[in-house]
Amino acid sequence: QIHIIDFDDENNIINKNVLLHQVGEIWHISTSPADKGVLATCYNKTSDSKVMTCAAVWRMPKELESGSHESPDDSSSNTQTLELLCHLDNTAHGNMACVMWEPMGDGKKIISLADNNILLWDLQESSAKAVLSSSAALEGKGQLKFTSGRWSPHHNCTQIATANDTTVRGWDTRSMRQIYCIENAHGQLVRDLDFNPNKQYYLASCGDDCKVKFWDTRNVTEPVKTLEEHSHWVWNVRYNHSHDQLILTGSSDSRVILSNMVSISSEPFGHMVDDDELSDQEDQHQEEKIKEPLQDSVIATYEEHEDSVYAVEWSSADPWLFASLSYDGRLVINRVPRALKYHILL
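Basis of the calculations
Residue positions are given per chain, counting from 1 as you read along its sequence in written order. Totals for whole chains, interfaces and linings use all residues, but because this is a predicted model, local features are given only for residues with pLDDT of at least 70 and pairs of side-chain atoms are given and counted only at 80 or more. The basis for every side-chain value is the complete set of heavy atoms in the structure, and neither hydrogens nor water enter the calculation. Think of it this way: any DSSP run of H or I at least four residues long counts as a helix, any run of E at least two long counts as a strand, and we number them from the N terminus. To sort residues, take the accessible area from a 1.4 Å probe on protein chains only and compare it with the maximum for the residue type: under 20% means buried, over 50% means exposed, and anything in between is partly exposed. In this description, contact between two residues means that some pair of their heavy atoms is separated by no more than 4.5 Å. The method behind every accessible area is Shrake-Rupley, applied with a 1.4 Å probe, and residues are considered shielded solely by the protein chains displayed. Two strands qualify as a pair provided DSSP detects at least 2 bridges between them. Geometry of aromatic contacts follows a simple scheme: Phe, Tyr and Trp rings, the Trp one being its six-membered ring, pair when their centres are within 6.5 Å, and the pair is stacked under 30 degrees between planes, edge-to-face over 60, tilted otherwise. Under this scheme, a helix contributes an axis fitted over its contacting stretch, all axes are lines through C-alpha atoms, and angles between N-to-C directions fall in the 0 to 180 degree range. Each nonpolar core is a collection of buried residues, namely Ala, Val, Leu, Ile, Met, Phe, Trp, Tyr and Cys, held together in the definition by side-chain atoms within 4.5 Å. UniProt positions are given in the numbering used here, feature names are shortened, and annotations may be inferred rather than shown by experiment. Basic side-chain nitrogens of Lys or Arg form a salt bridge, by our definition, when they fall within 4 Å of a carboxyl oxygen of Asp or Glu.

Asks: Now, about the overall build of the protein: what can you tell me, with residues and values included?
Replies: Each helix and strand counted, the protein has 3 helices and 26 strands in total. Expressed as a percentage of the 346 residues in the protein, the buried residues total 47%. Contacts in the protein between residues at least 24 apart in sequence constitute 47% of all its contacts with a sequence separation of at least 6. As displayed, the protein has an accessible area near 17700 Å², and 45% of this comes from carbon and sulfur atoms.

Written out as C-alpha cells, the structure reads:
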C-alpha cells in the first residue's frame, strides 16, 4: 500500500488515503518534482521462484492531488488503485535500489540504480514510456551493488552521488563518468546521502558506523565535520530545504535527531544585518555578535518511535515541519522548536 498522508496544520489532525500498489511490496518511493500526482516505486516481485526488485512510474487518482482536508466518508471508497504509467524495464540490469528524479527538471528525466548500473531514463508521451538514454556500470572486484543515490540540485543538475558499500562516488550525468570518489567514506555500509541545497559542493552521508559525515566534494580526503550522536545504524540524513544548518537524521536506535550545523551552513555567522538598520549602540553589539560564529549543537532528540527509524523527511511546504517513519509502522510529525525557529528568523 501507499498512504497519502494529509496533515491539517491548524487542527493537528492527520488524514490518510490508502492506494493499492498491487504489483508487490515497496522498498523505495520517490515523487516527481514537476507533477505532484506522479511517483516512482521500487518493488519486489516474484517470477520463476526468484525475487526481483523492479521499478515503475505511477499516477495517483486526481482527487488526491489537491490535498483536501476531507477524510473519505465510507470505508468502501477508501482504497483506490494507482494508475501505471510505465515500467523502468530493468530485467537486464539487475535489482533496482532506488529511483531519483531530476530535481529542477520537468519530470521527464529519471535515474535508477540497479545492482552496479546507473541508468538514465527519458520519460516520453506523458510518462507512458521510458526510454533508456544512457548508462554506466560500476567496475571492480566482487559483487558491487549500489545502496542509494542523490541527484544534486546544483551544476545545472549534471551531477549525482551514489553509495555502494563504504564508498561514495560522484558522477557527471552528461558523460556518465566518475568525477570524485570517497573510498571508505564510512567504516561500514553507507545508507543515505543528501546535498546541501545552498552550498553546491557540500554533501552529507550516513551509515552503519553510526556516523553522519559532511563532505566538500572538491577535497574528499577528510570529512569537513562528523556527527556521532546515534548509537546504531543511521538510515537517513536530510538537509532542511530553506535553512541548511538544520539537519535531520533517523537511526535504528529508534531516535530522530535534529542538529544545528551552523559552522558548515551558508550562513555561519547567523543572519547578516544591514549596517544602515542599526543605531550606534546596536552597532557595537552587532560587531561583537558577528565575530563569534554560532556553535554546532544537537537541538533535540525525538524518542516517539519504539523501533528502527527508516525514514525522515522535511515538509516541502513548511520548512519547520518534518516527519519520521519507523519499522513498526508509526508515522510521527514534529515541528522545529519555536525558540530555534525565532533564533534563525530573527
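Structure's up, so let's keep going.
Asks: Lay out the pairing of strand β20 (residues 234-239) in plain terms, naming residues and giving numbers.
Replies: Among the 6 residues in β20, 5 count as buried, and that is most of the element. Of the strand pairs in this sheet, β20 and strand β21 (residues 246-251) are connected by 5 bridges, and their pairing is antiparallel. Counterpart to Arg 238 in the pairing with β21 is Leu 248.

Asks: Describe the side chain of Arg 59, listing the residues and the values that go with them.
Replies: Along the chain, the position of Arg 59 falls in strand β5 (residues 50-59). The contact partners of Arg 59, leaving out residues within four places of it in the chain, are Asp 35, Gly 37, Val 38, Glu 65, Leu 82, Glu 83 and Leu 85.

Asks: Explain the packing of aromatic side chains to me, and be specific about the residues and the numbers.
Replies: Tallying each qualifying case throughout the model produces 6 aromatic pairs. Consider the rings of Trp 233 and Trp 235, whose centres lie 6.3 Å apart with planes at 50 degrees: the pair is tilted. Judged by relative accessible area, Trp 233 falls into the partly exposed class, the value being 32%. Among the residues examined, Trp 235 registers a relative accessible area of 22% and is labelled partly exposed. Chaining the aromatic ring pairs together yields one cluster made of Trp 233, Trp 235, Tyr 310 and Tyr 327.

Asks: Break down unusual backbone geometry for me, citing the residues and quoting the values.
Replies: Unusually for a residue other than glycine, Asp 115 sits at a positive phi of about 50 degrees. As for its position among the elements, Asp 115 is in the loop between β9 (109-114) and β10 (117-124).

Asks: Please give an account of the sheet that holds strand β13 (residues 159-164) that cites residues and values.
Replies: Taken in spatial order, the 4 strands line up as β12-β13-β14-β15 in an open sheet, and their pairing is antiparallel. Strand pairing shows two members of the sheet lacking a second neighbour, β12 (146-151) and β15 (177-182), which therefore form its edges. The sheet shows a mean angle of 25 degrees between the axes of neighbouring strands, direction not considered. Where β13 lies against strand β14 (residues 167-172), 6 bridges are found, and the strand directions are antiparallel. Looking at β14, one finds that Ala 161 is bridged to Gly 170.

Asks: A description of the nonpolar core should follow, citing residues and the corresponding values.
Replies: Grouped together as the largest cluster of nonpolar side chains are 17 residues, with contacts concentrated most on Val 57, Leu 88, Met 96 and Ile 110. Here Leu 88 is in contact with Ala 55, Ala 56, Val 57, Met 96, Val 99, Ile 110, Ser 112, Trp 121 and Ala 130, once residues within four sequence places are set aside.

Asks: Hey, could you go over the sheet that holds strand β6 (residues 79-81) for me, with residue numbers and the actual values?
Replies: Reading across the sheet, the 3 strands line up as β1-β2-β6 and stay open at both edges, with mixed pairing between neighbours. The sheet is open, and its two edges are formed by β1 (2-8) and β6, each paired on a single side. Strand-to-strand twist across the sheet, computed as the mean angle between neighbouring axes with direction ignored, equals 35 degrees. Strand direction decides the pairing type here: β1 and strand β2 (residues 13-20), joined by 7 bridges, are antiparallel. Its bridge partner being in β2, His 3 is matched across the sheet by Val 18.

Asks: Explain the UniProt feature "repeat: WD" (unreviewed entry) in the protein to me, using residue names and the numbers behind them.
Replies: Under the UniProt annotation, "repeat: WD" (unreviewed entry) lies at residues 183-219. Counted over residues 183-219, helix gives 0% and strand 46%. Its end C-alpha atoms are 12 Å apart.

Asks: Any details on the pattern of salt bridges? Residues and values, ideally.
Replies: Taken as a whole and judged by the stated rule, the model has 11 salt bridges. Note that Arg 238 and Asp 192 form a salt bridge whose closest N and O atoms lie 2.8 Å from each other. Linking Arg 238 in strand β20 with Asp 192 in strand β16 (residues 190-195), this pair joins segments that are 46 residues apart in sequence. Grouping residues by exposure puts Arg 238 and Asp 192 together as buried. Residue Arg 330 is joined to Glu 306 by a salt bridge in which the shortest nitrogen-to-oxygen separation is 3.8 Å. Of this pair, Arg 330 sits in the loop between β25 (321-326) and β26 (331-335) while Glu 306 is found in the loop between β23 (297-302) and β24 (309-314), placing the two residues 24 residues apart along the sequence. For Arg 330, a relative accessible area of 34% corresponds to the partly exposed category. One salt-bridge network, in which partners are shared between bridges, spans Asp 192, Arg 238 and Glu 313.

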